[in-house]
Amino acid sequence: MRNLLPLLLLVMGFACGTAQQMPVNYTFGEKFNDKYRYSNLLSSAEDGSGGYVLVRAYYTGLILTPKGYFIEQYDSDLKLVSEVNYKLKGKDFVEGYVSNGQVYLLFLQYNQEALAYEYVVHRSPVGQNQFTVEKLLTIPSEFVNNPLDRNYYNRNFSSGFTTTVLFDDARSAFVISTHYKKNKVNKHAIHVFDTSLRKLMEHDFSAEVEDKNYAFENLAVSPDLGQVFIVGKAYYKKKRFSALERKFQYELIKLDGTGHQVQTFDIEDKYSESLKPLWHEGEIICVGFYADRKDNRYNGLSYFRVDPRNLEITTRKYNAFSPQFMFDKFGKENAKFVKDLVFKNVSFGPDNDILFNAEEYFVTTSTQANSSGGRLRVERFHYNDIVSARLDAEGNMAWARNINKTEVTQGDGAYASYSSYTLGGNTYFFISTASENPQLLNRERLIFKQGFSRNRNVFVIRLDEQGKMDYEKIIDNEEARLPLMVSKPLIDHDDEELLFYAKRGSKKQLVRVEMR
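Residues numbered from 1 in each chain as written. Predicted model: local features only at pLDDT ≥ 70, side-chain atom pairs only at ≥ 80, totals over all residues. Heavy atoms only, no water.

Peer 1: How do you make sense of the pattern of salt bridges when you look at a structure like this?
Peer 2: Should the charged atoms of two oppositely charged side chains come close, the side chains can pair. Scanning all chains against the criterion turns up 29 salt bridges. Among the ionic pairs, E202 bridges to K199, the shortest N-O distance being 2.9 Å. With a shortest N-O distance of 2.7 Å, E407 and K405 are connected by a salt bridge. For E407, a relative accessible area of 7% gives the class buried. Within the structure, one salt-bridge network assembled from shared partners comprises D34, R56, E72, E83, K503 and K508. (Salt bridge = Lys/Arg side-chain N within 4 Å of Asp/Glu carboxyl O. Buried < 20%, exposed > 50% of the residue type's maximum accessible area, 1.4 Å probe, protein only.)

Peer 1: Looking at this structure, how should I read the packing of aromatic side chains?
Peer 2: Any two aromatic rings considered together are summarised by their centre-to-centre distance and by the angle between their planes. In this structure the tally under the stated criterion is 36 aromatic pairs. Plain terms: the ring middles of F448 and F459 are 5.4 Å apart, the flat faces sit at 70 degrees to each other, and that makes the pair edge-to-face. Of this pair, F448 sits in strand β31 (residues 445-449) while F459 is found in strand β32 (residues 457-463), placing the two residues eleven residues apart along the sequence. Judged on exposure class, the residue F448 and its partner F459 are both buried. Judged by centre distance (6.4 Å) and plane angle (85 degrees), the ring pair of F448 and Y471 falls under edge-to-face. Of this pair, F448 sits in strand β31 while Y471 sits in strand β33 (residues 469-475), and the two are 23 residues apart along the sequence. As far as burial versus exposure is concerned, F448 and Y471 are alike and both buried. One aromatic cluster is present, formed by Y97, Y104, F167, F174 and F193 through successive ring pairs. (Phe/Tyr/Trp six-rings, centres within 6.5 Å; stacked < 30°, edge-to-face > 60°. Helix = DSSP H or I, 4+ residues; strand = E, 2+ residues; numbered from the N terminus.)

Peer 1: Would you mind going over the nonpolar core with me for this structure?
Peer 2: Among soluble globular proteins, nonpolar side chains are generally buried collectively. Judged by nonpolar contacts, the single largest core of 23 residues is most densely connected at V287, F289, L301 and F356. Contributions of two or more residues to this core are made by β20 (283-291), β21 (300-306), α2 (323-330), β23 (341-348), β24 (354-369), β25 (375-391) and β26 (397-406). Setting aside chain neighbours within four positions, we find L301 in contact with G288, F289, Y290, K317, Y318, N319, F321, F356, A389, L391, M397 and A400. By size, the runner-up hydrophobic cluster in this structure holds 22 residues, among which are Y97, Y117, I139 and F193. (Core = buried A, V, L, I, M, F, W, Y, C linked by side-chain atoms within 4.5 Å. Contact = heavy atoms within 4.5 Å.)

Peer 1: Would you explain the pairing of strand β15 (residues 212-221) in this entry?
Peer 2: One face of the sheet, then the other: side chains in a regular strand alternate in exactly this way. Across the ten residues that make up β15, a large majority, nine, are buried. From the end of β15 to the start of strand β16 (residues 228-236), which pair antiparallel, there are six residues, and L225 there has a positive phi angle of about 65 degrees. (Pairing = 2+ DSSP bridges.)

Peer 1: Is there a simple way to explain unusual backbone geometry in this structure?
Peer 2: In most cases, non-glycine residues show a negative phi, while peptide bonds are predominantly trans. A positive phi angle is found at N146, which is not glycine, with a value near 55 degrees. Within the secondary structure, N146 is located in the loop between β10 (132-140) and β11 (161-167). The phi dihedral of L311 is positive, around 65 degrees, even though this residue is not glycine. Within the element layout of this structure, L311 appears in the loop between β21 and β22 (313-320).

Peer 1: Hey, could you run me through the sheet that holds β22 in this one?
Peer 2: Hydrogen bonds between backbone atoms are what pair the strands of a sheet, whose relative direction is either parallel or antiparallel. Reading across the sheet, the four strands line up as β19-β20-β21-β22 and stay open at both edges, with antiparallel pairing between neighbours. Looking at which strands have only one partner, the edges of the open sheet turn out to be β19 (271-280) and β22. For this sheet the average axis-to-axis angle between neighbouring strands, irrespective of direction, equals 20 degrees. Judged from the seven bridges that link them, β21 and β22 form a sheet pairing that is antiparallel. Note that in β22 the partner of L301 across the bridge is N319. (Axes fitted to C-alpha atoms, helices over the stretch in contact; angles between N-to-C directions.)

Peer 1: Any chance you could explain α2 here in plain terms?
Peer 2: For the α-helix, the turn length of 3.6 residues means that residues three or four positions removed from each other point alike. Burial of α2 is extensive: six of the eight residues sit out of reach of the surface. For α2, the secondary structure elements touched by its buried residues are β24, β25, β26 and β31. One or two positions beyond α2, positive phi appears at G331, with a value near 85 degrees.

Peer 1: For this particular structure, what's the right way to read the sheet that holds strand β9 (residues 116-125)?
Peer 2: Strand order in this open sheet of four strands is β7-β8-β9-β10, and the pairing throughout is antiparallel. Edge positions in the sheet fall to β7 (92-99) and β10, since each has one partner strand and no second. Along the sheet, successive strands turn relative to each other by an average axial angle of 20 degrees, direction set aside. As paired strands, β9 and β10 are joined by eight bridges and run antiparallel to one another. Each bridged residue has a counterpart across the sheet, and for V121 the counterpart in β10 is E134.

Peer 1: It is not clear to me how the side chain of D353 should be interpreted in this structure. Could you clarify?
Peer 2: Locating D353 in the fold gives a position in the loop between β23 and β24. For D353, a relative accessible area of 5% puts it in the buried group. Engagement of the side chain of D353 in a polar contact is seen with the side chain of R390, the distance being 2.8 Å. (Polar contact = N/O pair within 3.5 Å; in protein donor to acceptor, adjacent residues only side chain to side chain.)

Peer 1: Mind showing me how you'd approach the confidence of the model for the chain here?
Peer 2: Any segment with low pLDDT has predicted coordinates that should not be analysed in fine detail. Here the chain shows a mean pLDDT of 87. Residues at 70 or above account for 90%. Overall, residues 1-20 carries pLDDT values under 50, and its contacts beyond four positions in sequence, including any with other chains, amount to 15 contacts. (pLDDT = per-residue confidence, 0-100.)

This is the structure:
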């Protein structure tokens with residue numbers, strides 16, 4: 001009993017600490033019938049009149065195949081006011097957004113007659129099925145498999161044609177990168193558009209790809225849309241590498257009306273593993289992770305302040321993961337190594353400090369028997385630990401914390417992962433899980449496991465300005481009968497709200513969460 005008493009007091013103390021109510025209110029919209037049981041939420045946006053627009057791809061048939069796009073409009077009271085069924089198939093959906101009262105759907109399609117890939121935009125006034133089609137780009141190429149590669153790791157450049165689309169965080173502009181290579185032809189072009197489809201600039205990037213292939217990952221744009229900053233993973237084309245050689249480096253590319261510039265970041269024993277550019281008060285801030293050896297493990301956080309005029313690095317900081325962080329993740333210091341982290345979001349605090357979080361994400365494959373006795377290749381998508389960190393205005397790490405969770409899915413990842421919101425120096429994480437409570441190990445070490453129930457609880461985890469952690473279940477699974485697509489909220493920073501879409505089978509509803 002003497003040994004158990006401290007542990008019991010610790011758990012009771014943590015429970016008391018989480019009993020205080022989170023600054024969160026939520027409202028359930030009405031449940032509506034839905035015609036399509038099988039669909040994926042592709043995008044959501046405000047409609048400009050206080051309401052919301054959601055775009056879904058739907059699937060029908062004995063063998064489910066994509067048949068079109070379902071566009072829903074809700075008013076400010078979360079009531080469904082219109083539905084548009086845009087029957088369209090045979091195209092790769094890239095992105096959807098709402099601007100100036102119109103819905104924009106960007107597609108990549110292959111024109112068999114012209115032997116070329118085409119980027120086209122279908123747009124219609126919100127709430128109406130009056131779509132018009134506008135062609136943005138045509139790129140001559142043979143047909144290839146998966147040209148629009150969204151893989152975070154090991155991009156495939158051998159197919160002959162690859163392309164990438166990136167939007168900035170403010171949804172003010174987007175970049176289309178196209179790289180075609182066959183025989184002696186090696187052409188890489190970068191096109192920049194605003195969200196009204198006005199072409200801002202175009203650059204021939206072919207000289208840069210003579211020695212490297214680029215997988216662009218993140219984008220920042222100046223407020224006047226005159227400067228574009230792209231972070232890309234540049235893979236060397238050297239044929240053979242030793243075990244200790246590094247096959248890539250991260251680069252920052254600046255585009256403007258006069259041309260382009262390139263900056264690299266790696267120095268001896270410090271190698272960038274992921275970077276996100278941010279435009280802030282006339283400067284470019286790049287934050288990310290780094291490794292102290294030429295492999296894929298992460299050893300800490302990196303910070304670079306860059307002069308946007310010439311891309312000169314004026315501040316460079318490397319912050320190793322703390323013992324507290326390693327304890328959070330592994331239960332003891334420096335037990336294993338950290339890898340497979342993918343950025344979720346970054347924000348600036350009131351004192352120009354930086355709050356950012358990432359997720360441990362990776363894909364595994366296996367082979368299993370199907371009903372006919374054959375073998376089937378299965379992909380599983382893993383959404384594991386949350387990494388959250390705070391850097392001060394000079395790029396020094398105040399703290400980094402790890403929240404343990406394990407989630408795996410073979411289907412729609414919208415119900416897995418998490419979303420986050422920063423308010424008043426605190427970061428709030430929204431997690432949907434079938435578990436009734438997280439496991440509490442060794443003080444503040446939280447572990448959320450996936451659980452097996454159909455119904456889901458919604459938890460909020462809070463990290464305060466000092467990195468102290470508490471949590472609370474805000475929505476019980478008896479109340480939330482439809483699971484929330486917790487990783488795909490529509491975030492309204494002006495009203496400090498998050499809008500979640502909830503759906504199962506033929507029922508759907510919206511859930512609005514207000515941060516007080």
